[in-house]
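Overview (structure and organization)
Each chain, written out:
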Amino acid sequence: MTDEDYMELALAEAMKAEQLGEVPIGAILVYQDQVVARAFNLRETLQTTASHAEMLVIDKGNEKISSWRLENCTLYVTLEPCPMCAGAILQARIPRVVFGAYDPKSGCAGSIINILENHHFNHQVDLRGGVLNEACSQLLKGFFKKLREEKKLSKSSH
């Protein structure tokens, strides 16, 4: 399977988040050409700060592989990782990350800073951004547009 094929699977996870009213971000963890973990954003559902798709997929991957080290894995995520997730990716020793949409507000894989390829850390990540960028971006834009419209409607009905 190609990076694009795996990103399609991450997008399917993101759509599950959207159905729950969560910000539609999905992640897939691939080990030896097999999907070993899938997750999507659950911050609103769980009301926990760390319930980002990447954090959840890393936890599931740790469990599946029985190790905190996720060497030889590739993480696919529909949105550029934030500082928290980028840090967890480094800590998990994930060697490769592929993301969809760039995040100019909190992206730490190049948009604001690049934690994942910073040579001051003892681990760097092979990074590929912008895979299925349009599809990933449109999903997020549509979600936030709908949210704004719902807020506007609830204000006007008061």
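Heads up: the structure comes first, above all this text.
Residues numbered from 1 in each chain as written. Predicted model: local features only at pLDDT ≥ 70, side-chain atom pairs only at ≥ 80, totals over all residues. Heavy atoms only, no water.

**Digging into the pattern of salt bridges**
If you walk through the whole model with that rule in mind, you get seven salt bridges. With a closest N to O distance of 2.8 Å, arginine 128 and aspartate 3 form a salt bridge. Taken together, the residues span a long stretch of sequence, with arginine 128 in strand β5 (residues 126-128) and aspartate 3 in helix α1 (residues 3-19) at a distance of 125 residues. Residue aspartate 3 is classed as buried on the basis of its relative accessible area of 11%. Taking the shortest distance from any N to any O, the salt bridge between arginine 128 and glutamate 4 comes out at 3.0 Å. Residue arginine 128 is found in strand β5, and its partner glutamate 4 is found in helix α1; the two are separated by 124 residues along the sequence. Taking relative accessible area as the criterion, arginine 128 reaches 33% and is therefore assigned partly exposed. One salt-bridge network, in which partners are shared between bridges, spans Asp3, Glu4, Arg96, Asp126 and Arg128. (Salt bridge = Lys/Arg side-chain N within 4 Å of Asp/Glu carboxyl O. Helix = DSSP H or I, 4+ residues; strand = E, 2+ residues; numbered from the N terminus. Buried < 20%, exposed > 50% of the residue type's maximum accessible area, 1.4 Å probe, protein only.)

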